[in-house]
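A closer look at the structure
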Amino acid sequence: MIPRKPKLSRLLGSWLAPWERLVSWFFGPDYNPTYQSGVLAVYLLALVVASGLPLLFFYKVGAPYESVQWVQGQWALGWLRGLHRYASDAAVVAVFFHALRMLQGGRTSGPRRRAWLSGLALLGLMIFIGVLGLVMVWDEQGEKLAVQGIQFLAGLPFFSEPPGRIFADNQALGESFFFMLIFLHVALPLVLVFLFLAHTSRTARARYWPERHLVRAYGWGLAGLALCLPVPLAAPADLLRLPGRVYLDPWYGFWLPAAEKLGTGGTLLALGLLLLGLGSLPWWWAVDGPGRAQASVVDESSCTGCTQCVQDCPYDAIEMVKRTHLLDGRHSPLVALVNSDLCVSCGLCAASCAPMGVGPPQRTGRDQLRAAEQFASTRDWREGDVVLLACRWGSGEHPGWSAIPGIHCYPTGCCGSIHTSVLELFLRKGAAGVFVLTCPERDCSQREGPKWLRLRVYEDREAELQARVDRRRVRLFACPGVEVERARRELLAFRQELLKDPAGQSLPEGELRCRSSEVQDGQT
Amino acid sequence: MARLRLLFGLFILLLGLGWSARIPWGESPAHATLRLSWRCNGQEIKVPIAQDPNLPAHMRLPPDQAYQVRMRSYLLRVLLDGRPLLEKRIEPAGVRHDRPLSVLEELAVAPGRHRVEVEFRPEPLEGVKENLLPGYQGQLDFGAGRVQLITFQEEGHWQLKP
Ligand code: HEM
Ligand code: SF4
Ligand code: SF4
């Protein structure tokens, strides 16, 4: 009943596995830039703004190339120009990996549609603003981009005369053209901000900033790069000379070679098809399998009105409302209500609810306990046996898990959706330990799964793992989906530890969580 | 070791970024370009409006108003060393074709000295006496990678650049 990642995401994941392994080898899970690519893009764009503002004062619409040339000659300003350009380039790279990550994580459909579509708009606008910036320099590269770019406008039916005529002659191009460029280059980023707000409007506690080591590393790195490798400046544009070989910024000018090969019509057609494909993607790149993305429901008779699910839902899909049923004075006046239009079916609320009163159909805490009990009863438990709970969205579907002696693989949904009572249940039923394989905290397809689980197990967050459970018998291990071998080593080492020290295996008798829904004394 | 790998990874990323700003692309063009670019008002013609002869006289348009003003289409012809290079009908711009005429043509030309002739004339119309505009004729030097701009001015003047 656990929804699976879209088939296409799994396919993409297997194609990208070698690359992922390489990146993971270099950076490890904590500093992997692809895991934080969205927030890295935000940070890089902030760097772009900070480095661009001072440059604005030195740009002359009457002599664009000369003013940039002058800036290039002043080492501090030249360095700022380099930083501005490299940060802009890096931002596109970050956005590319961010989109790829979303595809790979299957985070495209349902309520995430808005983020996907606004993301596309963000990317398009970003590239447009970047191209304007490159044209502003008015060197040969800028000229090529402008002359080719204006052909796209010529293909649109709004112009009564060829818009490319403004590039017929150097004299025809006045200050007003460069004024318009700089105006748009400065004003459009404001639109970017509004789009970004729409982009993250459905995510609760959206992160806007990368982890501080990444901030420092990329900030200093780009600053150093701008110092050591100043951005080149091509020859000045001359509309009466055909531009020859130029340095082409591939991140913003990638379309230029295609446009020269395919012609304007061909490129517009290709662009239209690409837009159609990406724009309709949330409808065909969607969660599949049984139990596909069904919204959570609240069992009002169990809900104690504690608000924990509201606090834990990563998509702000739950609110507390006044109770309209069960007004017998024994139930809380407020009850949780899930907005099915916002719920992505991540299941995190199921694990946040101590009385097990909420969750996607057949994935609530109670359902989980039932399924775990059934699983445990079919096992032949031996000393040192470990239950491996592995997220099917991460590496839980890896075939390697099933054949390890002493390991009972139990594929689950996101680790953050596993009710802590399930961990306890396995320990009671005969497992020496439970090993939960989580995704790295910054790379959870459901955004906050590993974080909530860690807090519930170790920091007494509501719906916590009971104090009676010996934490040495529980291991959470955050591992990128591609690093199965590392997880396997860790798992076997955990088992060895348990075999060496079998003490404390029996748990004191006690109710498995499932508190009464009725109001406790002193609770309102 | 992990820190070293991290730094090395970052170094490679940054190097890639620096390199990407230096990817040369495109070739120095081996040809020259003849660019024709202008905008002109063109000539008007008056097209009589057919009136119903059965209408009472007070409902008909007076003879001096019984016509529509239309802009004429033009023919653009370019000859290079006596051989036709371009022949094109230029319609007045706008949905109703009532706006000035715009021309923007880019023609690839082998480098060297060529005789260029450009004609830009209203399309002949039956019964309309033509006021022939002079075309351009001249020997021009075309350097590889250079653009020779020819501009038509109102009243039939031609301008060359550079
Ligand atoms: C300027 C460009 C972009 C920036 C700065 C950006 C940044 C972000 C941030 C900060 C988040 C919230 C992450 C979180 O807290 O979980 C996010 C979510 C998201 N982004 Fe982007 N993004 C950009 C472009 C794109 C593009 C081009 C796409 C894909 C076409 C995209 C798809 C998504 C999706 C689907 C989510 C929602 C994920 C979820 O709710 O699970 N974004 N983005
Ligand atoms: S009892 Fe469960 S459903 Fe009710 S508010 Fe608390 S966490 Fe949410
Ligand atoms: S499944 Fe629960 S936690 Fe997840 S989005 Fe839906 S209501 Fe929120």
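The structure we're discussing is the one just above.
Quick look at the structure, then. (Residues numbered from 1 in each chain as written. Chains lettered and ligands numbered in written order. Predicted model: local features only at pLDDT ≥ 70, side-chain atom pairs only at ≥ 80, totals over all residues. Heavy atoms only, no water.)

1. Comments concerning the overall build of chain B
Counting its regular elements, chain B contains one helix and 11 strands. When the helices and strands of chain B are placed in sequence order, the string is α-β-β-β-β-β-β-β-β-β-β-β. Whereas a compact globule of 162 residues would reach a radius of gyration of roughly 15 Å, chain B reaches 28 Å, over 25% beyond that. Taken over the C-alpha atoms alone, chain B extends approximately 105 × 45 × 20 Å along its principal axes. If you take every contact in chain B between residues at least 6 apart in sequence, the share linking residues at least 24 apart comes to 63%. (Helix = DSSP H or I, 4+ residues; strand = E, 2+ residues; numbered from the N terminus. Rg over C-alpha atoms; globule rule 2.2 N^0.38 Å. Contact = heavy atoms within 4.5 Å.)

2. Structural notes on the site of ligand 1
All names here are of chain A. In the vicinity of ligand 1 there are 25 residues, among which His 98, Arg 107, His 199, Tyr 315 and Arg 447 approach most closely. His 199 places a polar side-chain atom, nitrogen or oxygen, 2.7 Å from a nitrogen atom of ligand 1. With respect to ligand 1, the backbone of Arg 207 contributes an N or O atom lying 3.2 Å from an oxygen atom. The element contributing the most residues to the shell around ligand 1 is helix H5 (residues 113–137), with seven residues. A per-class count over the shell around ligand 1 returns 15 nonpolar, six polar and four charged. (Near = heavy atom within 4 Å. Polar contact = N/O pair within 3.5 Å; in protein donor to acceptor, adjacent residues only side chain to side chain. Nonpolar A, V, L, I, M, F, W, Y, C, P; charged D, E, K, R; others polar.)

3. So, the sheet that holds strand E6 (residues 83–90) of chain B
Residue and element names in this part refer to chain B. Pairing in this open sheet of four strands is antiparallel, and the strands run E6-E5-E8-E9 from one edge to the other. Either end of the sheet is taken by a strand with one partner, and the two such strands are E6 and strand E9 (136–142). Within this sheet the neighbouring strands show an average axis-to-axis angle of 20°, counted without direction. (Pairing = 2+ DSSP bridges. Axes fitted to C-alpha atoms, helices over the stretch in contact; angles between N-to-C directions.)

4. What about the environment of Arg 70 of chain B?
Residue and element names in this part refer to chain B. Assignment of secondary structure puts Arg 70 in strand E4 (residues 67–71). Taking the C-alpha atoms as reference points, Arg 70 and Lys 46, 24 residues apart in sequence, are found 6.2 Å from one another. Not counting residues within four places of it along the chain, the set of residues in contact with Arg 70 comprises Gln 43, Glu 44, Ile 45 and Val 47.

5. Concerning the nonpolar core
Residue and element names in this part refer to chain A. Of all hydrophobic cores here, the largest spans 73 residues; its most connected members are Tyr 86, Val 135, Trp 138, Leu 145, Phe 167 and Leu 222. Of all the elements, helix H4 (residues 75–104) adds the most residues to this core, at 13 residues. Not counting residues within four places of it along the chain, the set of residues in contact with Trp 138 comprises Pro 64, Tyr 65, Glu 143, Ala 146, Phe 167, Leu 173, Phe 178, Pro 236, Ala 237 and Leu 239. (Core = buried A, V, L, I, M, F, W, Y, C linked by side-chain atoms within 4.5 Å. Buried < 20%, exposed > 50% of the residue type's maximum accessible area, 1.4 Å probe, protein only.)

6. Details of the side chain of Ser 73 of chain B
Residue and element names in this part refer to chain B. Among the structural elements, Ser 73 can be located in the loop between E4 and strand E5 (74–80). Of the residues examined, Ser 73 reaches a relative accessible area of 11% and is grouped as buried. In this structure the side chain of Ser 73 is engaged in a polar contact, spanning 3.3 Å, whose partner is the side chain of Arg 89. Once residues within four sequence positions are removed from consideration, Ser 73 is found in contact with Arg 89, Ile 90, Glu 91, Pro 92, Arg 121, Pro 122 and Glu 123.

7. Concerning the interface of chain B and chain A
Each side of the interface is counted separately: chain B has 39 residues, and chain A has 46 residues. Both sides of the chain B and chain A interface together cover about 3600 Å² of buried area, and 64% of this is carbon and sulfur. Three residues stand out in chain B for area buried against chain A, namely Leu 17, Arg 22 and Trp 25 of chain B, and they jointly supply 21% of the buried area on that side. Our count for the contact surface shared by chain B and chain A stands at three salt bridges. Residue Arg 245 of chain A pairs with Glu 27 of chain B through a salt bridge whose shortest N-O separation is 3.3 Å. Connecting chain B to chain A are 18 residue pairs in polar contact (both at pLDDT 80 or more). (Buried area = accessible area lost by both parts, 1.4 Å probe. Salt bridge = Lys/Arg side-chain N within 4 Å of Asp/Glu carboxyl O.)

8. Quick notes on the packing of aromatic side chains
Evaluated as defined, the whole model comprises 26 aromatic pairs over all chains. Between the aromatic rings of Trp 38 of chain B and Phe 152 of chain B, the centroid separation amounts to 5.7 Å while the plane-to-plane angle is 50°, which identifies the pairing as tilted. Of this pair, Trp 38 of chain B sits in strand E2 (residues 32–40) while Phe 152 of chain B sits in strand E10 (residues 147–153), placing them 114 residues apart in sequence. Taking relative accessible area as the criterion, Phe 152 of chain B reaches 5% and is therefore assigned buried. In textbook terms, an aromatic cluster arises when at least three aromatic residues are bridged by ring pairs, as seen for Trp 38, Tyr 74, Phe 120, Phe 152 and Trp 158 of chain B. Over the face of the ring belonging to Tyr 315 of chain A we find Arg 447 of chain A, whose NZ or CZ atom lies 5.8 Å from the ring centre. (Phe/Tyr/Trp six-rings, centres within 6.5 Å; stacked < 30°, edge-to-face > 60°. Lys NZ or Arg CZ within 6 Å of the ring centre and 35° of its normal.)

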